[in-house]
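# Architecture and fold: a report
Next come the chains, spelled out residue by residue.
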Amino acid sequence: MNRTGPKLFMCRGHNRHHGIKMHKQQYLLAAKSSIRASLWTLMLLLPHTIQSAEDHSRQAMDSDMNFRIVEDSGPSIRDDGESTADHSKFEILQKDFNNGPEVTEACLSCHTEAGRHFMQSIHWTWEYDHPSSGQKLGKKTLINTFCTNAKGNEGMCAQCHAGYGWKDENFDFSKQENIDCLVCHDRTGSYYKTPNSTGNKACSIMFEGKKPIDWSKVAQSVGKPGRENCGACHFYGGGGDGVKHGDLDSSLKRPNRELDVHMDAEGLNFACTTCHVTRQHIWAGSRYNVIAHDTEGLGLPGERRDVATCESCHSEAPHDYSSLVGIKLNGHTDKIACQTCHIPTIARGGVATMVDWDWRTAGKTRDGAGFKEKNYSQANGAHRATYKSIKGNFEYAENLVPHYDWFDGQMNYTTIETKFDPNQGPVEINGYQGSHNDGKSRIWPFKRMHTIQPYDKVNNTMVYMHLWGDDDDAYWGNYDFGRAIKVGMQKNSVPYSGEFDFVETYSFWPITHMVAPKEDAMGCADCHSKQGRLADLNGFYMPGRDSFGWLDILGYLALGGALLGVLLHALLRKIFSKKQSQGGAQ
Amino acid sequence: MSSQTNNSSHNTKVKTRGEKHYVMIYTRYERFWHWSQALLIFTLFYTGLGLHGTHDLLDFQTAVIIHTYGALALMVLWIFTTFWNFTTGQWRQYLFKEGVLKVIRFYAYGILVGEPHPYKKGLQRKQNALQSMAYMAFMVLIGPALWASGIIYLVYDLWSGHSWSADGLTLIAFIHTAAAFLMGTFVIIHIYMTTTGKTPSHYIKTMVTGYDNIELTEAEIAYIEETHAIAIKDEP
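Predicted, not measured: the structure shown is a model, and the values here were computed from it.

### Some words on the overall build of chain B
Counting its secondary structure elements, chain B contains eight helices and two strands. Each principal axis of the C-alpha atoms in chain B carries an extent, and together these give about 70 × 40 × 30 Å. A burial count over chain B gives 20% of its 236 residues as buried. The contacts in chain B between residues at least 6 apart in sequence include a share of 72% that link residues at least 24 apart.

Given below as structure tokens:
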């Protein structure tokens, strides 16, 4: 059952809340501890359920919504030297705060412009107008390949919004005290966020064993963000540790050198913001508008404040020009992203990343209750759910070789408005753009996520699902796709035909973290070979991988023919010289 | 030394057909050129096949390093040799000579039935007509195709930014590969031909020591006696 240690955000037993029929059962089994006790007894009594304790922990009775289990709640060390301000000495912070907004007001009383700055940030707006594609992007509206949409499910999803209380469309984006300064700036490690609404009745128990936040303490302990501050959301994207990205997971809180040469806790110990430089609370390093090829490289004295690229520190020619290998490698940087060679695999810190999610199987119940199976054990020993009634089936991977392709930095999104042809293969929810001959693309590594998720089969669009809510229409409670989609679309005023089916989708996450030490970078032959990593990329010649079909045949025939010809000639010479000497003897 | 009498019947016309003498026909530089070129071509062919993916006996990085340095060395050698060929006038050895068909006929048939070689080696005629033609092809076709495409290949990074670079690389790789196959074919036949002398090792020995038994004209003998410009040892 693994109930020790502080767990963030768990939701237990909500799966029993299965439509109206289940209400009755839920009332019958009101006392939660006794449920557990009785189930334990039941399991022990039934011979076929007698299993090892470990197997038990992989079985049903685990909480369902525990997407962030933070065992290690200490802060990472950020070595910036001593700050010029000791916040514990500020009078305004030496009081008993009752809630987050009160702390924010105190922050803003000194940092007078910070609120205005921060409100421009995507961490606040969850909106992004793409400058070249014109698409309206951002979590506020996008479809994704995990829990499919934050829109309408903010009560749950906006836990990762850097604000207080966004649970529906009534959230006030203009109120500065709604900004959550602490989620990024708490340096005690003890701060945590909760869902902004309770969700389904069955999900009402959360934060069991979690100490209430000591507001004064965290308010007096602020500083520049450590890896765990950013990681509190970015490590857990997609609904769990490492699920979305593959190169971002909780192993990066205290990585060793092999896992990430920059963030190595005993070494360089970079914080996220060492590379993701900021200017007035706007961060460099956008995934919506990627700088796939930074031709500017190093900045003039002082740091560049506009990019998070490798080149901005290492230049475009970082290898040693005094060796042939170095020259050759520098010659690669115009076509090959640094990440392609220097991140040989992802999800290699002991935490798995999800590679496949099948929504079709969601909604199964056992004895009328939802359940989960944890049949994947990752390298750090944790067991990962391979099935959840609320979500369907999952597959994971570790030490994953990324997907490679030409990328010019432009991601093209399938939004809720995009029409697609479901017969044209998987729908690319965020497809990348690029080609070998556009003069700007480079070969990049991506984590590719494959999902089978609902869509409107008449209008051929993706759908918003109403997953989270304390009403009977929420999928996480009633397991009814039809209702969840209908309400999800209705709530957000999107036309819906009323008929859904499932469609295959891909999403692509450019890989840039988990940079290995140079001795672990990929070798030439990893790509320059017949069955190398770039075997699937077409349209250009690559030494060691490609040959010219008929030229090779002709060439080998010429070599073989010459060899055969001279052997034959030698044989004839031998035969004739024997004849002659015999003739001479006669 | 030149007064020895040769009893061969066809050697009676002293004025045009001198007696056979054991003469240095391949100078030290020529032999250095030949053998270092041989070594480099073997190295380049072997590593090149590795890079091409024909075998994987060498790891790619090692193959690239050896192939690149080998190519640079060969280019330096060829620059020196071009200089040598023109300053010594030896380039004339490779000009077209009459009698190619006779030589071909000899290797196709005559050699089997014990006919004499239709071509007589001389100081200014070190190679037979077929050889001259083959070496000329080597020097003006196969060689340049290899080094020209090779140099362009080597400096790929100078032109990789152009939109045509992918097509350009394909073309260059094609020419380089095709020429390499021709070179390989040339080398196989060339090596075999070295076994067609009086004894199978005769020509090879000549290429090592530089000396061969050739006929000298009286003028040549007189020139050698006067100047000692060419080493001559009678009777090997």
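### Details of the overall build of chain A
Along the backbone of chain A there are 17 helices and 16 strands. Intrachain contacts of chain A at a sequence separation of at least 6 include 71% that bridge at least 24 residues.

### Here's the deal with the interface of chain A and chain B
Taken together, the 33 residues of chain A in the interface contact 31 residues of chain B. Those elements that place two or more of their residues in the side of chain A that touches chain B are α13 (324–330) and α17 (549–585) of chain A. By residue number, the principal contributor to the side of chain A that touches chain B is α17(A), which donates 11 residues. Residues of the side of chain A that touches chain B, tallied by class, amount to 16 nonpolar, 12 polar and five charged.

### Concerning unusual backbone geometry
A negative phi angle is the norm for most residues apart from glycine, just as the trans form is the norm for most peptide bonds. Residue and element names in this part refer to chain A. Phi angles above zero are rare outside glycine, and S315 is one such case at about 75 degrees. By the element assignment, S315 lies in the loop between α12 (311–314) and α13. Take S315: there are 15 C-beta atoms within 10 Å of it, and that puts it in the partly exposed class. The residue A347 is not glycine, and still its phi comes out positive at about 55 degrees. Tracing the backbone shows A347 in the loop between α14 (338–342) and β5 (353–358).

### Here we look at the nonpolar core
All names here are of chain A. Of all hydrophobic cores here, the largest spans 67 residues; its most connected members are V463, M465, L467, Y475, A484 and I485. Filtering out sequence-adjacent residues up to four positions away, Y475 remains in contact with M465, H466, L467, D480, F481 and A484. Grouped together as the second largest cluster of nonpolar side chains are 19 residues, V103, C184, V218 and A232 included.

### With respect to the packing of helix α3 (residues 100–113) of chain B against helix α4 (residues 129–154) of chain B
Residue and element names in this part refer to chain B. Closest axis-to-axis distance for the α3/α4 pair is 7 Å, and the angle between their directions is 100 degrees. In terms of orientation, α3 lies roughly perpendicular with respect to α4. Contact residues: α3 offers V100, V103 and I104, while α4 offers A129, L130 and M133.

### Some words on the pairing of strand β13 (residues 427–432) of chain A
All names here are of chain A. Here three bridges tie strand β12 (residues 411–413) to β13, and the two strands are oriented antiparallel to one another. Note that in β13 the partner of N412 across the bridge is G431. Sheet topology places β13 next to strand β16 (residues 500–510); three bridges connect them, and they run parallel. Residue pairing across strands places E428 opposite Y506, the latter belonging to β16.

### Looking at α3(B)
Residues and elements named next belong to chain B. Taking 1.5 Å of rise per residue, 14 residues should cover 20 Å, and α3 covers 19 Å from first to last C-alpha, within 8% of that figure. A bend of about 55 degrees at F106 is the largest found in α3. Following α3 by one or two positions, G114 has its phi on the positive side, about 85 degrees.

### A word on the environment of A:P131
All names here are of chain A. Considering the arrangement of structural elements, one finds P131 in the loop between β1 (128–129) and β2 (136–137). Classification of P131 as exposed rests on a count of 8 C-beta atoms within 10 Å. Sequence-wise, P131 and K193 are 62 residues apart; in three dimensions their C-alpha atoms are separated by 32 Å.

### Regarding the confidence of the model for chain B
On average, residues of chain B score 86 in pLDDT, and 91% of them are at 70 or above. Across the interface, the model reports ipTM at 0.85; the global pTM reads 0.85.

### Overview of the environment of B:L44
Residues and elements named next belong to chain B. Assignment of secondary structure puts L44 in helix α1 (residues 28–52). Through-space distance from the C-alpha of L44 to that of A137 is 19 Å; in sequence the pair is 93 residues apart. In this structure, L44 is in contact with H67, G70, A71 and L74, ignoring residues within four places of it in sequence.

### Digging into the packing of α1(B) against helix α6 (residues 165–193) of chain B
All names here are of chain B. Between α1 and α6, the shortest axis-to-axis distance is 11 Å and the interhelical angle comes to 135 degrees. Here α1 lies oblique to α6, going by the angle between them. In this structure, α1 meets α6 at a crossing whose hand is left-handed. Touching I41, F45, G48 and H52 of α1 are T177, A180, M183, G184 and V187, all from α6. Along the lines of polarity and charge, the residues of the contact of α1 with α6 split into five nonpolar, four polar and no charged.

### A look at the environment of A:K136
Residue and element names in this part refer to chain A. For K136, the position within the fold is in strand β2. Exposure remark for K136: the 15 C-beta atoms within 10 Å place this residue in the partly exposed category. For the pair formed by K136 and T415, sequence separation is 279 residues and the distance between their alpha carbons is 8.5 Å. Residues within four places of K136 in sequence aside, it is in contact with D129 and T141.

About the criteria used
- Residues numbered from 1 in each chain as written.
- Chains lettered and ligands numbered in written order.
- Predicted model: local features only at pLDDT ≥ 70, side-chain atom pairs only at ≥ 80, totals over all residues.
- Helix = DSSP H or I, 4+ residues; strand = E, 2+ residues; numbered from the N terminus.
- Buried ≥ 20, exposed ≤ 12 C-beta atoms within 10 Å, placed from the backbone.
- Contact = placed C-beta atoms within 7 Å.
- Nonpolar A, V, L, I, M, F, W, Y, C, P; charged D, E, K, R; others polar.
- Core = buried A, V, L, I, M, F, W, Y, C linked by C-beta atoms within 7 Å.
- Axes fitted to C-alpha atoms, helices over the stretch in contact; angles between N-to-C directions.
- Parallel < 35°, antiparallel > 145°, perpendicular 65-115°, else oblique.
- Pairing = 2+ DSSP bridges.
- Expected span 1.5 Å × (residues − 1).
- Bend = angle between axes of the 7 residues up to and from the residue.
- pLDDT = per-residue confidence, 0-100.
- Left-handed = near helix turned anticlockwise from the far one by under 90°.

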